[in-house]
Amino acid sequence: MKIGVLGTGNMADALATHWVRAGHEVFVGGRDERKARRLAARIGGGAGHGSLHAAARFGEVVLAALPYGVGAVVVAEVQAALSGKVLLDCANPVGPGFRLLTEGGPSSAGRLAAAAPGAQVVKAFNLCHEDVWRMTPPVFDGQPLAVPVCGDDKAALARVCELVRDVGCEPVAGGGLERAGLLEATAALFIGLWVAEQVDVRAIAPPLACATGPSTESD
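As the structure is a computational prediction, the values presented were derived from the model and not from experiment.

Student: Please give an account of the overall build of the protein that cites residues and values.
Tutor: Secondary structure summary: the protein contains nine helices and 12 strands in total. Its C-alpha atoms give the protein a radius of gyration of 18 Å, near enough to 17 Å, the size a compact globule of 219 residues would have. With respect to the three principal axes, the spread of C-alpha positions in the protein is 65 × 40 × 35 Å. Counting all 219 residues of the protein, 46% fall into the buried class.

Here you go:
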């Protein structure tokens, strides 16, 4: 698969490194092409580098590894090159005080969809710190990390699910793109609990077998 990467930060580094190791072709694009060149060299595997427009043109799947607010601006600039392609959004619109910055408005993924109406936008990889995605693989207590994925197009979802597995994780169907806002709100809640309260968020939910209450057996 050809993967274009918009951005040169930590999420671009973490995810693209896995995908190169899995045999995908990666092209890193940035406003600062020197940073794109350095990241491509660090990723290895013959990764290419250049401008944001070049990365958008290259990829069958294009990862928007950009901060919230910047992503929609960049995507609007390169939207012509994204038509018919999968656009993967991993942004967390979380501000000071772990506040959800999109509250009352479109989700981050929804903003990208509006900026590039010809693209198939999928939301994934937004619930964890970049260093979790650097793990090879992200497995905890013998169980691969589950990654919720939200999107409307079946073919686009299938491609992103493949990329989730290439990171060593298990994709979980999160519903259509209209549910991306719920996924982003979950990140805001989890980050606040993890960082501010030092809470293991796994402790706030019962096991699946007890999700609807303890089972009772009739005599």
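Student: Which residues make up helix H6 (residues 108-115), and what are the values?
Tutor: Among the residues of H6, Ser108, Ala109, Leu112 and Ala115 are the ones counted as buried. For H6, the angular spread of the buried residues around the axis is 120 degrees, confining them to a single face. Turning to H6, the residues buried within the fold contact strand E4 (61-64), helix H4 (70-77), helix H5 (79-82), strand E5 (86-89), strand E8 (120-123) and helix H9 (180-196).

Student: Got a sec to walk through the packing of H4 against H6? Specific residues and values, please.
Tutor: For the pair H4 and H6, the least separation of the axes is 8 Å and the interaxial angle reads 20 degrees. When the axes of H4 and H6 are compared, the pair comes out roughly parallel. Of the two elements, H4 crosses H6, and the hand of that crossing is right-handed. Here H4 contributes Gly71, Ala72, Val75 and Ala76 to the contact with H6, which in turn contributes Arg111, Leu112 and Ala115. A class-by-class count of the residues in the contact of H4 with H6 yields five nonpolar, one polar and one charged.

Student: Please provide a residue-by-residue account of the packing of helix H1 (residues 10-21) against helix H2 (residues 33-43), values included.
Tutor: Packing of H1 against H2 brings their axes to within 9 Å, and their N-to-C directions diverge by 40 degrees. For the element pair H1 / H2, the angle class is oblique. Crossing of H1 against H2: the hand is right-handed. Facing H1, whose interface residues are Ala12, Asp13, Ala16, Thr17 and Val20, H2 presents Leu39, Arg42 and Ile43. Residues of the contact of H1 with H2, tallied by class, amount to five nonpolar, one polar and two charged.

Student: Describe the pattern of salt bridges, and please don't skip the residues or the numbers.
Tutor: Applying the stated rule across the entire model yields 10 salt bridges. One salt bridge in this structure joins Arg134 and Asp13, with 3.4 Å as the shortest N-O distance. Here the residue Arg134 occupies a position in the loop between helix H7 (130-133) and strand E9 (139-140), and Asp13 occupies one in helix H1, the gap between them amounting to 121 residues. With a relative accessible area of 31%, Arg134 lands in the partly exposed category. Residue classification places Asp13 among the buried residues on the basis of a relative accessible area of 9%. Asp141 serves as the salt-bridge partner of Arg202, at 3.4 Å between the closest nitrogen and oxygen. With a gap of 61 residues between them, Arg202 in the segment after H9 and Asp141 in the loop between E9 and strand E10 (143-144) connect regions that are remote in the sequence. Pair check on accessibility: Arg202 and Asp141 agree, each one exposed.

The rules behind each value
Residues numbered from 1 in each chain as written. Predicted model: local features only at pLDDT ≥ 70, side-chain atom pairs only at ≥ 80, totals over all residues. Heavy atoms only, no water. Helix = DSSP H or I, 4+ residues; strand = E, 2+ residues; numbered from the N terminus. Rg over C-alpha atoms; globule rule 2.2 N^0.38 Å. Buried < 20%, exposed > 50% of the residue type's maximum accessible area, 1.4 Å probe, protein only. Arc of directions from axis to C-beta. Contact = heavy atoms within 4.5 Å. Axes fitted to C-alpha atoms, helices over the stretch in contact; angles between N-to-C directions. Parallel < 35°, antiparallel > 145°, perpendicular 65-115°, else oblique. Left-handed = near helix turned anticlockwise from the far one by under 90°. Nonpolar A, V, L, I, M, F, W, Y, C, P; charged D, E, K, R; others polar. Salt bridge = Lys/Arg side-chain N within 4 Å of Asp/Glu carboxyl O.

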